[in-house]
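Per-entry structural report
Spelled out from the first residue to the last, the chains are:
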Amino acid sequence: MKRICALLLGILLMLSLSACGSVPQTESSESGADNEPAAASAAAESTAEDTVQGSSLVVYYSASGNTEEVANYIAAAAGADVFELEPAEPYTDDDLDWTDESSRVVREHDNPDERDVELVLAEVPNWESYDTVFIGYPIWWGIAAWPVDGFIEANDFTGKTVIPFCTSSSSGIGESGQLLAEAAGSGEWQDGIRFRSGASESDVKNWVDSLDI
């Protein structure tokens, strides 16, 4: 009888130790399951923060490369993306010869109805993600080169800060930015700036650094 009791006590002791040994494994498993959602939640919050942060975009049309150069300087200084406006029918050197009365730009200048220049792409992908937009162009007859007009008409600037800039050998920016703002009908447009042909990167960077963006 004593042997049977001892045997039963031994079995009960083994079962008790086995149960105690299983507890840490269960807690570890549950803790691991809790950690995975926590990590996923942190990643989601980080992604959401990245999405909320606004970003800048430089949109430009360049006839001879001067505006393109300034646009790239601005993008580097502001950490901005770049979007080039390209006419579906590109302008040739002869088209841009404003001293030739029969050239394309002179014909379009004299006939405003012909200034509706079709663009390869007028709408920017992820347009809603940009809160600051720089718009660059050469000055043609005192106004923004009209290939920019199609972009202005195709996009809604509501909620965006818009900063025009232009390049020219002698003409100032004049009312070109104001006229674009009126055509857009939305957005918070700032005063623009004119850069001379061949502007230095340091001059452009200093201007960008002075902006409240």
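That block above? That's the structure.
Reference entry: report on the structure contained in this document. Nothing here was measured: the structure is a model prediction, and the numbers come from that model.

**Some remarks on the overall build of the chain**
On a plain count of helices and strands, the chain comes out with six helices and seven strands. Helices (α) and strands (β) of the chain occur, in sequence order from the N terminus, as α-β-α-β-α-β-β-α-β-α-β-β-α. Out of the 213 residues belonging to the chain, those deemed buried represent 34%. Taken as a whole, the chain presents about 12800 Å² of accessible surface, with 50% of it coming from carbon and sulfur.

**Here's the deal with helix H5 (residues 176–184)**
Turning to H5, its buried residues number three or more, namely Ser176, Gly177, Leu180, Ala181 and Ala184. With its buried residues spanning 135° around the axis, H5 presents them on a single face. Opposite the buried face of H5, at more than 90 degrees from it, the exposed residues are Glu182 and Ala183. Contacts from the buried residues of H5 go to strand E3 (130–140), strand E4 (143–144), helix H4 (147–154), strand E5 (161–168) and strand E6 (188–189). Of the residues one or two after H5, Gly185 is the one with positive phi, at around 75°.

**Comments concerning the packing of aromatic side chains**
Under the criterion given, the structure shown has twelve aromatic pairs. Taking 6.5 Å as the distance between ring centres and 35° as the angle between the ring planes, the aromatic pair formed by Phe83 and Phe151 counts as tilted. With a gap of 68 residues between them, Phe83 in strand E2 (residues 81–84) and Phe151 in helix H4 connect regions that are remote in the sequence. Exposure class is identical for Phe83 and Phe151. Each is buried. Ring centres of Phe134 and Trp207 lie 6.0 Å apart, and the angle between their planes is 70°; this geometry places the pair in the edge-to-face category. Taken together, the residues Phe134 in strand E3 and Trp207 in helix H6 (residues 201–210) connect sequence positions 73 residues apart. For Phe134, a relative accessible area of 0% corresponds to the buried category. Linked through ring pairs, Tyr61, Tyr91, Trp140, Trp141 and Trp146 together constitute an aromatic cluster. The ring of Tyr91 carries Arg104 above its face, with NZ or CZ at 3.6 Å from the centroid.

**Considering the pattern of salt bridges**
For the structure on display, the rule yields five salt bridges. The salt bridge partner of Arg104 is Glu108, with a shortest N-O separation of 3.0 Å. Taken together, the positions of Arg104 and Glu108, both in helix H3 (residues 104–110) and four residues apart, correspond to about one turn of that helix. Here Arg104 matches Glu108 in class, with each residue buried.

**Focus: the pairing of E5**
When you tally the buried positions in E5, you get eight out of eight residues, the bulk of the element. Burial of the side chains of E5 extends over both faces: Thr161, Ile163, Phe165 and Thr167 are buried on one face and Val162, Pro164, Cys166 and Ser168 on the other. Pairing analysis gives seven bridges linking E3 to E5, with the strands arranged parallel. Bridged to Tyr137 within E5 is Cys166. As paired elements, E5 and E6 share two bridges and run parallel to each other.

**Quick notes on the packing of helix H2 (residues 66–78) against H6**
In the contact formed by H2 and H6, the axes pass within 9 Å of each other and the chain directions differ by 50°. As judged from the angle between their axes, H2 and H6 are oblique. For H2 against H6, the interelement crossing comes out right-handed. Residues Val70, Tyr73, Ile74, Ala77 and Ala78 of H2 form the contact with H6, whose participating residues are Glu201, Val204, Lys205, Trp207 and Val208. Looking at the contact of H2 with H6, its residues break down into eight nonpolar, no polar and two charged.

Criteria and cut-off values
- Residues numbered from 1 in each chain as written.
- Predicted model: local features only at pLDDT ≥ 70, side-chain atom pairs only at ≥ 80, totals over all residues.
- Heavy atoms only, no water.
- Helix = DSSP H or I, 4+ residues; strand = E, 2+ residues; numbered from the N terminus.
- Buried < 20%, exposed > 50% of the residue type's maximum accessible area, 1.4 Å probe, protein only.
- Areas by Shrake-Rupley, 256 points an atom, 1.4 Å probe, with all protein chains shown as cover.
- Arc of directions from axis to C-beta.
- Contact = heavy atoms within 4.5 Å.
- Phe/Tyr/Trp six-rings, centres within 6.5 Å; stacked < 30°, edge-to-face > 60°.
- Lys NZ or Arg CZ within 6 Å of the ring centre and 35° of its normal.
- Salt bridge = Lys/Arg side-chain N within 4 Å of Asp/Glu carboxyl O.
- Pairing = 2+ DSSP bridges.
- Axes fitted to C-alpha atoms, helices over the stretch in contact; angles between N-to-C directions.
- Parallel < 35°, antiparallel > 145°, perpendicular 65-115°, else oblique.
- Left-handed = near helix turned anticlockwise from the far one by under 90°.
- Nonpolar A, V, L, I, M, F, W, Y, C, P; charged D, E, K, R; others polar.

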